[in-house]
Amino acid sequence: MTIEKLPYLSAGFLDSLAISASDLVDEIERQIFGQRRGEVWCAPKAVVLPGDDRYIMATLGVATDPRVLATKSLVVNPRNPERGLATLNSLVTLLDAETGLPLAVVDGNWVTAKRTAGLSAVAARRLARADSACVAFIGCGVQARGHLDVLADLFPLREIRAFGRGTGNRDALCRMAETRGLTAVPTDTAKAAVESADIVVTTVTLIPEPVPFLDARWLKAGAFATMTDLALPWLPETMTVFDRTVIDDLAQEAQMSKPMVRPELVAGDLTGLVGGDVSGRQNANERTAFAFRGMAVGDLAIAGLAFVRAKAIGALDT
């Protein structure tokens, strides 16, 4: 019996491809436009909650160019650090969208970090001030580092402010910022982090579900907040402060048991924002927000782009 080997694109290999922040964001936008043209199809994310603090999720997306079907399976388990493992672990499989034959397996943690920051950046291009210089991070783990990478390439940043439950991740994020020539300010309170920020990134862990503690009234005029954590850390009664709130996917949100943001406060979704149906920032003083669960099109775009780049350098024989 012959055991065939399926190419595995590891995080180290994916980093070696040196895909730029602009390329990541551009590819997500291109595939969002593909959905509008009927060339990309995605299913709402599926979530399983076993009741033991695990969060289990899957996404499914199909593209015409590149001709791939991407599925991502993800498990978040707060007990993993006791095992010496990351809290979140995931895997993306790529199939040929025409034949169904397997193409590759991709490190899902790398894809998740890049696509989450990429989705935020797609929104930030339209909702944040172009001269944003200070970013506040509430939550300082992998997702925060991914956002710092992307936002530092797209905006003229000079400073970050960091607040998290533990000092280890916070200090590591600050060191990362300093290697980019940015001033890094660790803060003892969330308010001290966000009140002077042009962009606020919240990446608070969903398990166990956080008790709301962020007050949108702390934000200065002109601030943009991107909420990767379903907006759960934000006090719901203060969300009216935002002049415009966009979510990732209206169709997906309609199938969820609990909305991230009160529906009457939602101006539209990311597809509408990219396509021009939903207005972006209208003036320098608007407070704007992007709240999201995660879209299959993001995983599809990032994994597909990595696969194409790997093929281009001859790393795959597919």
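Above this text is the structure in question.
Residues numbered from 1 in each chain as written. Predicted model: local features only at pLDDT ≥ 70, side-chain atom pairs only at ≥ 80, totals over all residues. Heavy atoms only, no water.

To continue, consider the overall build of the chain. A tally of regular secondary structure across the chain gives nine helices and 14 strands. Oriented by its inertia axes, the alpha-carbon framework of the chain measures out at about 65 × 45 × 40 Å. Each of the 318 residues in the chain was classed as buried or not, and the buried ones make up 51%. A separation of at least 24 residues holds for 67% of the contacts in the chain among residues at least 6 apart in sequence. Of the roughly 13,900 Å² of accessible surface on the chain, a fraction of 52% belongs to carbon and sulfur atoms. (Helix = DSSP H or I, 4+ residues; strand = E, 2+ residues; numbered from the N terminus. Buried < 20%, exposed > 50% of the residue type's maximum accessible area, 1.4 Å probe, protein only. Contact = heavy atoms within 4.5 Å. Areas by Shrake-Rupley, 256 points an atom, 1.4 Å probe, with all protein chains shown as cover.)

Across the junction of D65 and P66, the peptide omega takes the value 0°, indicating a cis bond. Considering the arrangement of structural elements, one finds P66 in the loop between β3 (55-63) and β4 (68-76). Although it is not a glycine, A18 adopts a positive phi angle of roughly 50°. Here A18 lies in the loop between α1 (11-16) and α2 (21-36).

Quick look at the packing of α2 against helix α3 (residues 108-127) now. It is the contact of α2 with α3, at a shortest axis distance of 9 Å, that shows an interaxial angle of 80°. The angle between α2 and α3 places the two elements in the roughly perpendicular class. For the pair formed by α2 and α3, the contact residues are S22, L24, V25, D26, I28 and E29 on the first element and K114, R115, G118, L119, A121, V122, R125 and R126 on the second. The residue inventory of the contact of α2 with α3, partitioned by class, reads six nonpolar, two polar and six charged. (Axes fitted to C-alpha atoms, helices over the stretch in contact; angles between N-to-C directions. Parallel < 35°, antiparallel > 145°, perpendicular 65-115°, else oblique. Nonpolar A, V, L, I, M, F, W, Y, C, P; charged D, E, K, R; others polar.)

This part takes up the sheet that holds strand β9 (residues 183-186). One open sheet holds the eight strands; their spatial order is β9-β8-β7-β10-β11-β14-β12-β13, and the pairing between them is parallel. Taken across any chain shown, the strands that pair with only one partner, and hence form the sheet edges, are β9 and β13 (266-269). Averaged over neighbouring strand pairs, the angle between their axes works out to 20° when direction is ignored. Judged from the four bridges that link them, strand β10 (residues 199-202) and strand β11 (residues 224-227) form a sheet pairing that is parallel. Following the sheet pairing, I199 is matched in β11 by F224. Each of β7 (134-138), β8 (159-163), β10 and β11 touches helix α4 (residues 142-154); the most contacted strand, β7, lies at about 165° to it. (Pairing = 2+ DSSP bridges.)

Spatial ordering of the open sheet is given by β1-β6-β5-β4-β3-β2, a layout of six strands whose pairing is mixed. This sheet does not close on itself; its edge strands, each paired only once, are β1 (8-9) and β2 (40-48). Bridge count for β3 against β4 is eight bridges, and the pairing is antiparallel. Of the residues in β4, the one forming a bridge with Y55 is V76. Lying over the sheet, α3 contacts β3, β4, β5 (88-96) and β6 (102-107), oriented at roughly 95° with respect to β5.

That is the geometry; function is a separate question.
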